[in-house]
Amino acid sequence: MSLFDLSGKVALVTGATHGLGLAMAEGLAAAGATIVINGRSSQDKLDNAVANLRSLGYNASGYLFDVTDEAEVDKAVNTIESEVGPIDILVNNAGLIKRIPMLEMSLTDWNEVISTDLTGVFVMTKPVVRRMIDRGHGKVINICSMMSELGRSTVGAYAAAKGGLKMLTRNMATEWAKHNIQVNGIGPGYFATEQTAPIRVDGHPFNNFIIERTPAGRWGDPEDLQGAAVFLSASASDFVNGQILYVDGGLLATIGRPSNE
Ligand code: GCO
Ligand code: CA
């Protein structure tokens, strides 16, 4: 299906040594893309993830850099484009969460979340999109969250960053659409990853709460994101711009239900 074919495309997925990033990288690879994954701190983890993708028969490589460091990012984009090829698809997935009540959260913690989850996307996207504009096409996918729409106690900084990322997505789409660049977001619902492991423990009240709160009645499997990632990377979405596609088992569609229903 050529509408969804990514053969010949290079996709960079940030924060993709594990979890949702790695699952999306795999999905793009399965659709034909050459994959570049990024990690921030562990060369070993990065090498393992690349080896894994290669063992599945995919064309993959990895680059270690920090998406919040402008000089490192500029250098990495240069190196990737000369060693692998022009980046056609950028998935801004790198992010972190700190679950701390707001009045107990230090400014240092706040700044760390905002700088990775929001500012990092600004820093990462600029050098990539400059080159996309020169080439006349490109796809950017920003990984948003339920917290782009909803609040929850203890995740104030994360919600502020992910809500900001939704608006940054719309603004990027506004500025670059005329260059044939599509910028969209994916908003994952509650997924079974390392990030949610502490709140997914069997018997943990939050675990039951999420299963009941989600119409599909389960946590998302990272593979549930692959279809959305391929769609927003492929020519099938060439006139879709500035949208956030929520992949949430129906969570945002509903107010929830009383316990006797
Ligand atoms: C939390 C969760 C969420 C999710 C996700 C939801 O503590 O509420 O970790 O923030 O990870 O981003 O879409
Ligand atoms: Ca995981």
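Residues numbered from 1 in each chain as written. Chains lettered and ligands numbered in written order. Predicted model: local features only at pLDDT ≥ 70, side-chain atom pairs only at ≥ 80, totals over all residues. Heavy atoms only, no water.

Engineer: Which parts of the structure should I look at to understand the sheet that holds strand 7 (residues 244-247)?
Structural biologist: One key point about sheets: their strands pair by backbone hydrogen bonds, in either a parallel or an antiparallel sense. Taken together, the seven strands give an open sheet; going across it, the order is 3-2-1-4-5-6-7, and neighbouring strands pair in parallel fashion. A single partner strand is all that each edge strand has here, and the edge strands are strand 3 (60-64) and strand 7. Between one strand axis and the next, the sheet turns by 20 degrees as a mean value, whatever way the strands run. Across four bridges, strand 1 (residues 10-13) lies against strand 2 (residues 34-39) in parallel orientation. Its bridge partner being in strand 2, L12 is matched across the sheet by V36. Helix-sheet contacts for helix 2 (residues 43-55) involve strand 2 and strand 3, and the interaxial angle to strand 3 is about 170 degrees. (Pairing = 2+ DSSP bridges. Helix = DSSP H or I, 4+ residues; strand = E, 2+ residues; numbered from the N terminus. Axes fitted to C-alpha atoms, helices over the stretch in contact; angles between N-to-C directions. Contact = heavy atoms within 4.5 Å.)

Engineer: Explain the site of ligand 1 to me, please; I cannot follow it from the model alone.
Structural biologist: Taken together, 14 residues sit near ligand 1, with R99, R152, Y158, Y190 and Q195 positioned nearest. A distance of 2.7 Å is found between an oxygen atom of ligand 1 and a backbone nitrogen or oxygen belonging to P188. At 2.7 Å from an oxygen atom of ligand 1 is found a side-chain nitrogen or oxygen belonging to Y190. Protein chains bury 95% of the 340 Å² of accessible surface belonging to ligand 1 in isolation. Its residues placed into classes, the shell around ligand 1 shows eight nonpolar, four polar and two charged. (Near = heavy atom within 4 Å. Polar contact = N/O pair within 3.5 Å; in protein donor to acceptor, adjacent residues only side chain to side chain. Areas by Shrake-Rupley, 256 points an atom, 1.4 Å probe, with all protein chains shown as cover. Nonpolar A, V, L, I, M, F, W, Y, C, P; charged D, E, K, R; others polar.)

Engineer: Is there a simple way to explain the packing of helix 3 (residues 70-83) against helix 4 (residues 107-135) in this structure?
Structural biologist: Helix-helix packing: each pair is described by the crossing angle between the helix axes and the interaxial distance. At a closest axis distance of 8 Å, the pairing of helix 3 and helix 4 adopts a crossing angle of 35 degrees. Between helix 3 and helix 4 lies a crossing of right-handed hand. For the pair helix 3 and helix 4, the contacting residues are E70, V73, D74, V77, N78 and E81 in the first and V123, M124, K126, P127, V128, R131 and R135 in the second. Considering only residue class, the contact of helix 3 with helix 4 consists of six nonpolar, one polar and six charged. (Left-handed = near helix turned anticlockwise from the far one by under 90°.)

Engineer: Hey, could you run me through the environment of A33 in this one?
Structural biologist: Relative to the helices and strands, A33 resides in the loop between helix 1 (19-30) and strand 2. A33 gets classed as buried once you look at its relative accessible area, which sits at 4%. Expressed as a C-alpha distance, the spacing of A33 and G256, which sit 223 residues apart in the sequence, is 39 Å. (Buried < 20%, exposed > 50% of the residue type's maximum accessible area, 1.4 Å probe, protein only.)

Engineer: Would you mind going over the nonpolar core with me for this structure?
Structural biologist: Soluble globular proteins: nonpolar side chains tend toward being buried together. M24, L28, I35, I37, V91 and I186 are the most contacted members of the largest nonpolar core, which has 32 residues in total. Listing elements by their share of this core, those giving two or more residues are strand 1, helix 1, strand 2, helix 2, strand 4 (89-92), strand 5 (138-143) and helix 8 (226-233). With six residues, the top contributor of residues to this core is helix 1. Residue contacts for V91: discarding those within four places in its chain leaves L12, V13, T14, M24, L28, I141 and I143. Judged by nonpolar contacts, the second largest core, of 29 residues, contains F65, V77, L90 and I181. (Core = buried A, V, L, I, M, F, W, Y, C linked by side-chain atoms within 4.5 Å.)

Engineer: Looking at this model, I keep getting lost on helix 2. Mind explaining?
Structural biologist: Between its first and last C-alpha, helix 2 extends 18 Å over 13 residues, near the 18 Å set by a 1.5 Å rise per residue. Taken from the residues just after helix 2, G57 is the one with a positive phi, measuring 95 degrees. (Expected span 1.5 Å × (residues − 1).)

Engineer: Teacher, can you tell me more about helix 1 here?
Structural biologist: Helical geometry: 3.6 residues make up each α-helical turn, so side chains three or four residues apart lie on a common side. Taking 1.5 Å per residue, twelve residues should reach 16 Å; helix 1 reaches 17 Å between its end C-alpha atoms and fits that length. Of all twelve residues making up helix 1, nine are buried, and the element is well covered by its neighbours. Within helix 1, burial applies to L20, G21, L22, A23, M24, A25, G27, L28 and A29.

Engineer: Help me understand the side chain of S145, please; the structure alone is not making it clear to me.
Structural biologist: Among the structural elements, S145 can be located in the loop between strand 5 and helix 5 (156-176). Look at S145 and you get buried, because its relative accessible area is 5%. One polar contact links the side chain of S145 to the main-chain amide nitrogen of M147, over a distance of 2.8 Å.

Interpretation in functional terms is not warranted from these geometric data alone.
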